[in-house]
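Descriptive analysis of the structure
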Amino acid sequence: MGQQKTVLLVDDEQIMHDLACAYLEREGFTLHSAYTGVSGLETIRDLKPDIVLLDYMLPRMDGEQVFSELRQNPEYKEVRDTPVILLTARGSDESLKTRLLKRGVVAYLQKPFGLRELSDVINNIITLRDIRHSHRLLEIEVKSTKQHLSSIFQNAPVGIFSCNSQGDLQQVNQYLLQLLPELSQNDQLINVLRDEFFHDSFFTKGVRFVLQHGRSWKKELIPWSGGQMKNLILNVHFVPIQVEEAGLENAKSVMGIIEDVTEWERKNFQLKLLSQVSAAMQQTMGLRKLLHLLLTAITAGPALSFTRAMIFLINDSGRELKGAMGVGPMSAEDALEIWNRLNRENLNMEQYIFNYGPRLPGENEQLNLSVLAVSIPLHEHTALTDTLRKKEHFWFKKEQARNEGYANYPQSLAPLHLEEFIAVPVVANDKLLGAIIADNKFSNQPIEDDRVHLLSLIASQAAHGIEKAHSYEQLREEKLKLEKALAELKRTQVRLIHTEKLAAIGEMAAHVAHEIRNPLVTIGGFARQLQKKNPDGQDANNPAKIIADEVLRLEKILENVLNFTKLPDPEPRNDNINQLIHHIVEQLQPEFENRNITVHLKLQENCPDQHFDQGQIKQVLLNLLKNSQQSFTQQGSIWISTQVENEIMRIRVEDNGPGIAHDMLTDIFNPFYTTKKHGTGLGLAISQRIIHGHGGEIRVNTKIGSGTRFDILLPLNFEPGNQEHNRSTLKAVIV
């Protein structure tokens, strides 16, 4: 059984006390008595009864006055809400009844009344009081629970949100607003499906998927860069919920949890990054590719997340750090474009290095161009250079004071607009190879200690990679030198074999020419005598004239053969090749006009004088021009040009004739090889000997039906007898 309820009766009539006591105690109540208003108030204060029966007519202080005192006097604050039933014998006074009920009297009983009626009223009031008390307790509990849940919602260490079926955010906790402040604009939550900033982001994709399919959407390790370039790694889980919306029953909505795992994942990822960068460096041999891979890793959002990274390498003198490469934006607009693109791509670290690491900076990338133009003189007395010379890292902060007469860094770095930055030396075998400079320009994010530590570790790995790349470059250069030397050796071998063959042919030709020359002269003499005695001696069909003409042609062939076998050494003098070309063209101009051939000159202006044997070079040019002239069956064009490059004179003779078959190219410089009906086959052979005698080269390029091009390469400073020096100047020329 429950505890007995206490009833206080305040009435000046003893009979009421006796009747009420007899009946109410039988009904399970405990009755206490008071006979005046004053004693009634004192008893209420001390006893704190469950209910008060208050007579209206009392001596000195009526029931209405007692009730007013109970409700208004601070002395009775603890008991002012005690239920009061007013008892009256004044008859049917409706105005009194209405007034008292409005003031808070819970019931109004008119004497005489039945005790059963009194008991029922008391029970009803106590029951109602208990219900109200329970309701108040429940309200307090609900309010407390609601406050507790709200506190959990707002203070949860994860981001929580809910949005309706239209994409309007309904609730977002403080953690998520700190994580993604763009969810609120002007203190109003956004619509994630229509907001431009979140267009095609993970947030929009997840909400749209849940609304369309009614299934949960979960993704892990999502890279995210906010408007202030806070590089985050997020785990997200969006689920459908059913809520009642205006005019809709069980409308679809979305609730989601977004967890920031940046720090945990970043530490884990930094270890993987070191491993990945090391492995990538092992596979990258070229220095520029290695440097770009390194700078890409430094600016990768999921790992170090620096905005910009630059590398400077020590020059040959060891006195300067020369800008080698830069990666990152040069303006806030560039930075915003890069961040938005990376947000859309949502690349993880492996994808980022794979996609961007192998690429080299474009020709117009402003930061890279600015870095390439910068040199850091190590001898300057600045905080940066002094620290780097000690092979220690230098951390410059914006609030760092500048000592008078002692600059923080050289003025040459001013074009890079550095504010707060970290400079880390690249050291291998206690030797300074370079320095890496990184900053967070445009993101306004502070440089953190763990990033500096990781950057130092990567710089240490980079040092070994750069050393390896330098060694590889040296090996590659040595290989190229050996390949060039081998090619030159092969060319020399070919020339030697060709020279020996020419010497043998020349010796044989000289012997044959000498043996047949005397009898040929005798035959020619007799033929001319017969021609003079015969009146028809000048007739073309006269046998004597035919013999005399053919003997003359054979004598010219013998002269060419003897010239080939006894070609004198060149006797160079200072002369001008353009003047020689003009002279030769003027000499041959009548023949060109007769054959309807047009000659075009494109001679380099202010062409310098050079050492060459004018007679021999003239013979070469005449041979080439006559070969071009004789190749035409009708009209044609010849182009003659000169150009000086790397101390080499290039003379080009080109025509639009029929060209030379490729199977003949290997033989055209051989003596006695000719395709002409009356040719000797010595013109190009003699030309080649003359050019080689000048320490030069003669090269041919031809295409059937498109013409032939001969290039003559002559060193400007020709030294007779020093062929190795003369040929060495040709190695830098590409024709």
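Preceding this paragraph is the structure being described.
Let me sum up the structure you'll find in this document. Keep in mind that what you see is a predicted model, and the values were worked out from it rather than measured.

1. Observations regarding the overall build of the protein chain
Counting its regular elements, the protein chain contains 19 helices and 25 strands. Looking at the protein chain as a whole, 44% of its 735 residues are labelled buried. Taking the contacts inside the protein chain whose residues are at least 6 apart along the sequence as the reference set, 64% of them involve residues at least 24 apart. A total of about 40400 Å² of accessible surface is found on the protein chain, and carbon and sulfur atoms cover 51% of it.

2. Focus on the packing of aromatic side chains
As enumerated under the stated definition, the model contains 15 aromatic pairs in all. Plain terms: the ring middles of Phe 202 and Phe 203 are 6.0 Å apart, the flat faces sit at 45 degrees to each other, and that makes the pair tilted. Each member of the pair, Phe 202 as well as Phe 203, is classed as buried. Taken together through their ring pairs, the aromatic side chains of Phe 161, Phe 197, Phe 198, Phe 202, Phe 203, Trp 217, Trp 224 and Phe 238 make up a single cluster. In this structure, Lys 397 packs its charged tip against the face of Trp 395, placed 4.6 Å from the ring centre. For the cation-ring pair, Lys 441 lies above Phe 442, with the distance from its terminal atom to the ring centre recorded as 5.4 Å.

3. Focus on the sheet that holds strand E16 (residues 394-396)
A sheet is described by the order of its strands in space; here six strands give the open sequence E15-E14-E13-E18-E17-E16, paired in antiparallel fashion. Here the strands that pair on one side only, and so sit at the sheet edges, are strand E15 (375-377) and E16. For this sheet, the mean angle separating the axes of adjacent strands, direction not counted, is 25 degrees. Note: strand E17 (residues 421-428) against strand E18 (residues 431-439), eight bridges, orientation antiparallel. Each residue of the ladder has a partner; that of Ala 423, found in E18, is Ile 437. Lying over the sheet, helix H9 (residues 287-299) contacts strand E13 (308-314), strand E14 (320-327) and E18, oriented at roughly 145 degrees with respect to E13.

4. Overview of the packing of helix H2 (residues 37-47) against helix H3 (residues 63-72)
Relative placement of two packed helices is described by the angle separating their axes and the distance separating the axes. As a packed pair, H2 and H3 sit with axes 10 Å apart at the nearest point and diverge in direction by 30 degrees. Here the hand of the crossing between H2 and H3 comes out right-handed. Here Gly 37, Leu 41 and Ile 44 of H2 come into contact with H3, specifically with Val 66, Glu 69 and Leu 70. A class-by-class count of the residues in the contact of H2 with H3 yields four nonpolar, one polar and one charged.

5. Examining the packing of H3 against helix H4 (residues 94-103)
At a minimum axis separation of 11 Å, H3 and H4 run at an interaxial angle of 15 degrees. Here H3 is positioned roughly parallel relative to H4, judged by the angle of their axes. Read as a crossing pair, H3 and H4 show a hand that is left-handed. When H3 is examined against H4, the residues Glu 64, Phe 67, Ser 68 and Gln 72 are found in contact with a partner set consisting of Leu 96, Arg 99, Leu 100 and Arg 103. Class assignment of the residues belonging to the contact of H3 with H4 gives a composition of three nonpolar, two polar and three charged.

6. Some remarks on the nonpolar core
In terms of nonpolar packing, the biggest core is built from 35 residues, with Ile 577, Ile 617, Leu 621 and Ile 712 touching the most fellow members. Elements represented by at least two residues in this core include exactly helix H16 (577-594), helix H17 (614-631), strand E22 (636-645), strand E23 (648-655), helix H18 (683-693) and strand E25 (707-715). Looking at which element gives the most residues to this core, the answer is H16, with seven residues. Those residues in contact with Leu 621, other than ones at most four positions away along the chain, are Leu 580, Ile 581, Ile 584, Ile 651, Val 653 and Ile 712. One finds Leu 290, Leu 294, Leu 295 and Ala 459 within the second-largest nonpolar core, a separate group that totals 30 residues.

7. A look at the sheet that holds strand E3 (residues 51-55)
Reading across from one edge, E2-E1-E3-E4-E5 is the order of the five strands in this open sheet, with parallel pairing throughout. What marks the edges here is a single partner per strand, and that holds for strand E2 (29-34) and strand E5 (107-110). Between one strand and the next, the sheet's axes are offset by a mean angle of 20 degrees, whatever the strand orientation. In terms of strand pairing, E3 meets strand E4 (residues 84-88) through four bridges, oriented parallel. In the sheet register, Asp 55 faces E4, and the bridge partner there is Leu 87. Along the sheet face, H3 touches E3 and E4 and points at about 145 degrees away from the line of E3. Set on the sheet, helix H5 (residues 115-155) makes contact with strand E1 (5-10), E2, E3, E4 and E5; between it and E5 the angle comes to about 175 degrees.

8. Here we look at the pattern of salt bridges
For the coordinates displayed, the defined rule picks out 18 salt bridges. Note that Lys 111 is salt-bridged to Asp 11, the shortest N-O span being 2.9 Å. In this pair, Lys 111 sits in the loop between E5 and H5 while Asp 11 sits in the loop between E1 and helix H1 (14-26), placing the two residues 100 residues apart along the sequence. Here Lys 111 matches Asp 11 in class, with each residue buried.

9. Details of H3
Count 3.6 residues to each turn of an α-helix, and residues three or four apart come out pointing the same way. Taken residue by residue, H3 has Gly 63, Glu 64, Val 66, Phe 67, Ser 68 and Leu 70 as its buried positions. For H3, the elements touching its buried residues are H2, E3, E4 and H4. N-cap assignment for H3: the residue whose side-chain oxygen lies 3.2 Å from the backbone N of Glu 64 is Asp 62.

10. Let's talk about H16
Taking 1.5 Å as the rise per residue, H16 with 18 residues should run 26 Å; its terminal C-alpha atoms sit 26 Å apart, in good agreement. What H16 keeps buried is the set Ile 577, Asn 578, Leu 580, Ile 581, Ile 584, Val 585, Leu 588 and Phe 592. Packed against the buried residues of H16 are strand E19 (573-575), strand E20 (597-602), strand E21 (610-612), H17, E22 and E23.

11. Side note on the pairing of E13
Within E13, six of the seven residues are buried, which leaves it mostly tucked inside the rest of the structure. Direction of pairing for E13 relative to E18: antiparallel, over a ladder of six bridges. Across the sheet, residue Leu 313 finds its bridge partner in E18, namely Gly 434. Direction of pairing for E13 relative to E14: antiparallel, over a ladder of six bridges. Looking at the pairing, Met 310 lines up with Gly 326 of E14. A loop of five residues connects E13 with E14, the two strands running antiparallel in sequence, and Gly 318 in this loop sits at a positive phi of about 75 degrees.

Basis of the calculations
- Residues numbered from 1 in each chain as written.
- Predicted model: local features only at pLDDT ≥ 70, side-chain atom pairs only at ≥ 80, totals over all residues.
- Heavy atoms only, no water.
- Helix = DSSP H or I, 4+ residues; strand = E, 2+ residues; numbered from the N terminus.
- Buried < 20%, exposed > 50% of the residue type's maximum accessible area, 1.4 Å probe, protein only.
- Contact = heavy atoms within 4.5 Å.
- Areas by Shrake-Rupley, 256 points an atom, 1.4 Å probe, with all protein chains shown as cover.
- Phe/Tyr/Trp six-rings, centres within 6.5 Å; stacked < 30°, edge-to-face > 60°.
- Lys NZ or Arg CZ within 6 Å of the ring centre and 35° of its normal.
- Pairing = 2+ DSSP bridges.
- Axes fitted to C-alpha atoms, helices over the stretch in contact; angles between N-to-C directions.
- Left-handed = near helix turned anticlockwise from the far one by under 90°.
- Nonpolar A, V, L, I, M, F, W, Y, C, P; charged D, E, K, R; others polar.
- Parallel < 35°, antiparallel > 145°, perpendicular 65-115°, else oblique.
- Core = buried A, V, L, I, M, F, W, Y, C linked by side-chain atoms within 4.5 Å.
- Salt bridge = Lys/Arg side-chain N within 4 Å of Asp/Glu carboxyl O.
- Polar contact = N/O pair within 3.5 Å; in protein donor to acceptor, adjacent residues only side chain to side chain.
- Expected span 1.5 Å × (residues − 1).

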